[in-house]
Amino acid sequence: MQINSSNSQPQFSVLILAGGNSTRMKFPKPWLKIDNTTFLEKIIKTYQSFGIKNIVVIINQKFCIEPWESKIKFLKKQAIIIENTAVEKGRLYSIQLGLQQLADADFVFIQNIDNPFIDKIILKKLQQDRCETGVTVPTFNQKGGHPILINRSIKEQIINNFNSSSTLHDVINQFDRKNVEVANELILININTPEEYKKFESA
């Protein structure tokens, strides 16, 4: 077990959520392409280039079979891939599955697959201005966006006190929140439909 002291550096990890059914998109969002790479690959590379080594991906099991099986095999060299076989249990269940793999993390970025526009400038801002006692939320014009950054206490609350009727918002609302204004409106984007994808695929 990792022991943190006042002199040690906090450990940052990331949980990438790709466990949904992509029903409105009618195509698996992890395998949509932008900048000549898939959403999932782009997000992983961004966090890697920021220096984060502990990367966990929760992905719908049905998106891990052919024709995408080879992509999963490649990405398993880059991150811990957890295949979600119980998507019907909801988003918080997916988050719990992922966080269980990050027991030593002091802070965890929660990254949605439907926003591949994250960059190192945003990540650095959230890391530097983080809320030590709760959740850090990037904002643009005072509107909350993605990814959020949760502390160890929130992580442990989700792992140890999972409630199927609760949402992530229900959990984080029990803790302190710090809004961090950033200069990138793309933090507000969620790509959920073919129309939205068409608009941003060449962004």
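Above this note sits the structure.
Predicted, not measured: the structure shown is a model, and the values here were computed from it.

Definitions and limits used
- Residues numbered from 1 in each chain as written.
- Predicted model: local features only at pLDDT ≥ 70, side-chain atom pairs only at ≥ 80, totals over all residues.
- Heavy atoms only, no water.
- Helix = DSSP H or I, 4+ residues; strand = E, 2+ residues; numbered from the N terminus.
- Rg over C-alpha atoms; globule rule 2.2 N^0.38 Å.
- Buried < 20%, exposed > 50% of the residue type's maximum accessible area, 1.4 Å probe, protein only.
- Contact = heavy atoms within 4.5 Å.
- Areas by Shrake-Rupley, 256 points an atom, 1.4 Å probe, with all protein chains shown as cover.
- Lys, Arg positive; Asp, Glu negative; His and termini not counted.
- Charge placed at Lys NZ, Arg CZ, Asp CG, Glu CD.
- Arc of directions from axis to C-beta.
- Polar contact = N/O pair within 3.5 Å; in protein donor to acceptor, adjacent residues only side chain to side chain.
- Core = buried A, V, L, I, M, F, W, Y, C linked by side-chain atoms within 4.5 Å.
- Salt bridge = Lys/Arg side-chain N within 4 Å of Asp/Glu carboxyl O.

What exactly am I supposed to notice about the overall build of the protein chain here?
A tally of helices and strands in the protein chain yields seven helices and 10 strands. Rg of the C-alpha trace for the protein chain: 16 Å, near the compact-globule value of 17 Å for 203 residues, within the 12% margin. Expressed along its principal axes, the backbone C-alpha trace of the protein chain runs to roughly 45 × 35 × 35 Å. The buried share among the 203 residues of the protein chain stands at 51%. The long-range share in the protein chain, meaning contacts at least 24 apart out of those at least 6 apart in sequence, stands at 74%. For the protein chain, the computed accessible surface area is about 10,500 Å², with 47% contributed by carbon and sulfur atoms. Once the 25 positive and 20 negative side-chain charges of the protein chain are each reduced to a mean point, those two points are 3 Å apart.

How should helix α4 (residues 120–128) be read in this particular structure?
Spacing of three or four residues puts side chains on the same side of an α-helix, whose turn is 3.6 residues. Within α4, burial applies to Ile122, Leu123 and Leu126. In an axial view of α4, the angular spread of the buried residues amounts to 100 degrees, which keeps them on one side of the axis. Facing away from the buried side of α4 by more than 90 degrees, the exposed set consists of Ile121 and Gln128. Against α1 (39–50), β6 (107–112), β7 (134–140), β9 (148–151) and β10 (176–181) lie the buried residues of α4. The residue sitting at the N-terminus of α4 and contributing the capping side-chain oxygen is Asp119; that oxygen lies 3.0 Å from the backbone nitrogen of Ile121.

Any chance you could explain the nonpolar core here in plain terms?
Looking at soluble globular proteins, one finds that nonpolar side chains tend to be buried together. Of all hydrophobic cores here, the largest spans 42 residues; its most connected members are Ile16, Leu40, Tyr47, Ile55, Val57, Ile59 and Phe109. Among the secondary structure elements, those contributing two or more residues to this core are β1 (12–18), α1, β4 (55–60), α2 (69–75), β6, α4 and α7 (194–200). Ranked by residue count, the leading element in this core is α1, at six residues. With residues up to four places along the chain from it excluded, the contact list for Phe109 reads Phe12, Ser13, Val14, Leu15, Tyr47, Ile52, Leu123, Leu126, Pro147, Ile148 and Leu149. Core analysis: the next-biggest nonpolar cluster, separate from the first, contains 24 residues, Val56, Ala86, Tyr93 and Val137 among them.

Can you help me understand the pattern of salt bridges in this one?
Between side chains of opposite charge, pairing is possible as soon as their charged atoms come close. Counting across every chain of the model gives five salt bridges. The partner of Asp114 in a salt bridge is Lys29, and the shortest N-O contact between them spans 3.7 Å. Pair noted here: Asp114 is in the loop between β6 and α4 and Lys29 is in the loop between β1 and β2 (33–34), with a separation of 85 residues, a long-range link. On the basis of relative accessibility, which here comes to 10%, the residue Asp114 falls in the buried class. Between Arg130 and Glu132 there is a salt bridge; the shortest N-O distance is 3.1 Å. Under the relative-accessibility criterion, Glu132 is labelled partly exposed at 48%. Shared partners join several salt bridges into a network, and the residues in it are Asp106, Arg152 and Glu156.

I'm lost on the side chain of Thr193 in this one. Help?
Looking at the secondary structure, you find Thr193 in the loop between β10 and α7. Sequence-distant contacts of Thr193, that is, excluding residues within four places in its chain, are made with Arg24 and Met25.

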